Amino acid sequence: MNHNSDTKELLSASRASLIFKRFALELVENYVDLKELAIIGLQPRGVALAEVVMKELKAITSHDVLFGTLDNTFYRDDIGRSGEIHIPKPSKIDFSTEGKRIVLIDDVLYTGRSVRSAIDGLMRFGRPQSIELMVLVDRVFQREVPIKPDYIGVSIDSRNTEHYVRVNWLDDNKAEVWLKDKEND
Amino acid sequence: MTEVKQKHLLGIKGMNANQLETIFQTADNFLELLQSPVKKTPALRDVTIANLFFENSTRTRVSFELAEKRLGADVVNFSSSSSSVKKGETLIDTVNNILSMKVDMVVMRHPAPGACRFLSKHIDAQIINAGDGTHEHPTQALLDAFSMRNHFGGSIEGKKVVIVGDIKHSRVAISNIHALRLLGAEVMVCGPSTLIPKNIESLGVKVNTRIEEALEWADVANMLRIQLERQDARFFPSLREYTRLYGLDKNRLDALNKDLLVMHPGPINRGVEISSDVADSGQSIILQQVENGVAVRMAVLFLLAQGNL
């Protein structure tokens, strides 16, 4: 891949793979009873990460954990305000979340508004016992709502708003993460 | 997906296949939402919608109202029978008075063809056509096409659809023809020649006045209601004769020896254009159409509320 000088590698594919394994181990450590656990990937970009974490979890425990995908579009707070058109992606949660312990997974946490709306969207499937948040990249200092991740791959200072984070998914469930300059994308 | 911008939904004519697919994709997600225990979203919580019905409607009005409420919008209902229209107020005056109460969207049914387009040129609010005279009924066509698309696993390209009945007075037929042609379906209209408009072939449809041949050709039969309220002249000798020549009953269906999909936009005149045993049979998706109607209307409102369709 050809990257110009305005991009910076935040996570190499090998380091990202280690983080995926660490995420799975942290879940095993925190959730003694995996039957209570349900992993929900946020559409669109959190789903790939959630699937990888599921695979790592299965490799360690041989357990099938409840899995779903969630789209937050109908719960956004900027419908008709942002000028953008939001087309929803499928939400697929084939189980009641009532009493379950949920881990929401997204690739990048920035303002926190997506996660806020996702929590609203999740509530229509039942009242979970708890909800935790797992993100590959936490862009700190730009939160607009009080959302804090429980599992973090890497944290970066995002006071420079001219940058954004791009997670590139490669073959074999590998990913690399780049910090890019908005103007030169 | 191509981004297409449209402030109002006045008719299917002039739209493109990408826009329809965007609506369907959004409606798929609303359909999923409607199956879950909590069927509401707050997406349109700061939007006020006026439903202006200058003509009778049960299904469409209730479907729109439900769609609006499930999106969290504030809703005001208006029907001409209980309003100042009876006192001689003009359409623009009536609507402007309602809009001065800060209404963002207007869903309107009106007996005059083109009433919605006329209104869209004179007021700021977004307009959704819920049926204007014999012109168009876009959301009905969208929900019909959406129902067919879902039944056939995601596409109706190459499917053969016959629309049977009063084509001349039917806004449902015209909107359906536009939508189905955009999506690549073949369309035939069938009915007494007095109820088929001249030059309808110019819309890219076939015409056949013999229902047996039309049903033999088709994968889908959309049976239109005989609109008794629009029959000023006598277009056919009697209802009994219409039923005998164009009604879809069990004998006619069984003679086909294939799984014809049966649809009807409602309200049904049971025993006229369709018999009860066919309307209630496994080949009919009439109630599915009604269920899909709410999801499709939610999709239209949701996309328009974002400023663009």
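**A look at the side chain of threonine 139 of chain B**
Next up, step 1: Mapping threonine 139 of chain B onto the fold places it in helix α5 (residues 138-151).
Next up, step 2: The contacts of threonine 139 of chain B, once residues within four sequence positions are left out, are Leu9, Phe64, Ile128, Asn129, Val296 and Arg297 of chain B.

**Looking at the packing of aromatic side chains**
Next up, step 1: Inspection of every chain in the model, using the stated rule, returns eight aromatic pairs over all chains.
Next up, step 2: Seen in terms of ring centroids, phenylalanine 74 of chain A and phenylalanine 302 of chain B are 5.2 Å apart; in terms of plane orientation they differ by 85°. Their pairing is edge-to-face. On the criterion of chain membership, the pair formed by phenylalanine 74 of chain A in the loop between β3 (66-70) and β4 (101-109) and phenylalanine 302 of chain B in helix α11 (residues 286-305) is interchain, its members lying in two chains.
Next up, step 3: For phenylalanine 74 of chain A, a relative accessible area of 3% corresponds to the buried category.
Next up, step 4: Arranged with centres 5.1 Å apart and planes meeting at 40°, the rings of phenylalanine 236 of chain B and tyrosine 242 of chain B form a pair that is tilted. The residues phenylalanine 236 of chain B and tyrosine 242 of chain B share a single accessibility class, namely buried.

**Quick notes on the sheet that holds strand β9 (residues 261-263) of chain B**
All names here are of chain B.
Next up, step 1: The strand order β7-β6-β5-β8-β9 describes an open sheet built from five strands, whose pairing is parallel. Bordering the open sheet on either side are β7 (206-208) and β9, each of which pairs with just one other strand. Averaged over all adjacent pairs, the angle separating strand axes in this sheet is 25°, with direction ignored.
Next up, step 2: Here strand β5 (residues 160-164) runs beside strand β8 (residues 220-223); their pairing, made up of four bridges, is parallel. The partner of valine 161 across the bridge, within β8, is valine 220.

**Things to note about helix α3 (residues 91-99) of chain B**
Residue and element names in this part refer to chain B.
Next up, step 1: Residues of α3 that are buried: Leu91, Thr94, Val95, Ile98 and Leu99. Down the axis of α3, the smallest arc covering the buried residues is 130°, so these residues share one side.
Next up, step 2: Taken together, the buried residues of α3 touch β1 (48-53), β2 (74-79), β3 (105-110) and α4 (115-122).

Calculation notes
- Within every chain, residues take consecutive numbers counted from 1 along the sequence as written.
- Chains and ligands are labelled sequentially in the order written, the chains with letters from A and the ligands with numbers from 1.
- In keeping with the model being predicted, local features are shown solely for residues with a pLDDT of at least 70 and side-chain atom pairs are shown and tallied solely at 80 or more, while totals for entire chains, interfaces and linings include all residues.
- Heavy atoms from the whole structure form the basis of all side-chain values; hydrogens and water molecules are not counted.
- Under the DSSP-based scheme used, a helix requires at least four consecutive residues in state H or I and a strand at least two consecutive residues in state E, with every element numbered from the N terminus.
- Should any heavy atoms of two residues lie within 4.5 Å, those residues are considered in contact.
- Aromatic contacts are taken between Phe, Tyr and Trp rings whose centres are within 6.5 Å, Trp giving its six-membered ring; a plane angle under 30 degrees counts as stacked, one over 60 as edge-to-face, and the others as tilted.
- Burial here depends on accessible area, computed with a 1.4 Å probe over protein chains only, as a share of the maximum for the residue type. Under 20% is buried, over 50% is exposed, and the range in between is partly exposed.
- Should DSSP find at least two bridges between two strands, the strands are taken to pair.
- Geometry is summarised by axes, namely lines fitted to C-alpha atoms with helices restricted to the contacting stretch, and by angles between N-to-C directions that run from 0 to 180 degrees.
- This arc is taken over the directions from the axis of the helix to the C-beta atoms.

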